[in-house]
Every structure is written in structure tokens, then in C-alpha cells.
Amino acid sequence: MTEMQYPLKYNGIKQGFKKTGSDKHLGIDEGWNVLYGGKTAPVYSVYNGIVYDIQNQYTGGNVLIIKLDNGYFSEMGHLSKIVVVKGQRVLKNQYVANMGNTGHYKVKGVWKRVPYHLHFGLYKGKTFSYSGDGWV
């Protein structure tokens, strides 16, 4: 099987994955890099697949979910622009979106807009679920 690739042209993890607890975080957060597109850096599909869903969430902002051919789902959030449509076939390394700052987070009881970054999650399962146990 061909390996998945990284969703950005660089690695700049700002927050890691945590599956349990009050500070649960089902993915990693990637900061922006001025050398690779800045605050709206291009985001790429990590593997071949089909665009499963495009959502606008209060916390996740603009979210792109791709059902990958290897049995995983990739979830990318806070996007400023999504250039693919639901049902579209995408290839590994295909430009699919731009990093952004859509969505909100809560600090001391106050909702604030998220800073520019990419939230990236991987889910293993037959169907995608935010409440499921398939987050890796």
C-alpha cells in the first residue's frame, strides 16, 4: 500500500492529538509558515479518495472530510477556502483547500475566533463519526 503524505509542504505542529480528557483534541494543529504560503497556505489531499462532506461548523469553521481509499477519513478544519466539491474524486497531493482561521474556541467563557492554522484529523472506520472511537 502506498503511504499517506502530509497535508502541508512543511511540518509545524502546534498542538498534538489527545483522545480523552477535558482537553480532548481529535487531531493535530499545524501552524502557518511564511515560506510555504503564509496564513493561507495550500492544503493537499493525503491520499486518493472521494470528498465525503464539506461542513461549516461553529468550532471547526470550514471543514473538509475526504473518504480515503485506504479505509481512513481525513478531516481538515479552519479552512479559508475549499476548492473541491462533495463527491469529487481527489488524488494524493492534489490541492484541495487553503489554511485559514474560520471557527471559534472558548477562553475563560468567551468565544474567540481561532488563529490561522490547519486542524488535521484521521478517522478509521466504515462511516465517519465525531462521536466514534476511530480517531487515530
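Preceding this section is the structure that the text describes.
Quick notes on the rules
- Residues numbered from 1 in each chain as written.
- Predicted model: local features only at pLDDT ≥ 70, side-chain atom pairs only at ≥ 80, totals over all residues.
- Heavy atoms only, no water.
- Pairing = 2+ DSSP bridges.
- Helix = DSSP H or I, 4+ residues; strand = E, 2+ residues; numbered from the N terminus.
- Salt bridge = Lys/Arg side-chain N within 4 Å of Asp/Glu carboxyl O.
- Buried < 20%, exposed > 50% of the residue type's maximum accessible area, 1.4 Å probe, protein only.

**Quick look at the pairing of strand β9 (residues 95-98)**
Next, step 1: In this structure, strand β3 (residues 42-44) lies alongside β9, joined through three bridges in antiparallel fashion. Residue Tyr44 lies in a different strand from β9, and its bridge partner there is Tyr95.

**A closer look at the pattern of salt bridges**
Next, step 1: With the rule as written, the count across this model stands at two salt bridges.
Next, step 2: In this structure, Lys86 engages Asp53 in a salt bridge whose closest nitrogen and oxygen atoms are separated by 3.9 Å. Here Lys86, found in the loop between β7 (81-82) and β8 (89-90), pairs with Asp53, found in strand β4 (residues 49-57); they are 33 residues apart in sequence, far enough to count as distant.
Next, step 3: Residue classification places Lys86 among the exposed positions, given a relative accessible area of 58%.
Next, step 4: Here Asp69 and Arg89 are joined by a salt bridge, their closest N and O atoms 2.5 Å apart. In this pair, Asp69 sits in the loop between β5 (61-68) and β6 (72-77) while Arg89 sits in strand β8, placing the two residues 20 residues apart along the sequence.
Next, step 5: Here Asp69 falls in the partly exposed class, since its relative accessible area comes to 44%.

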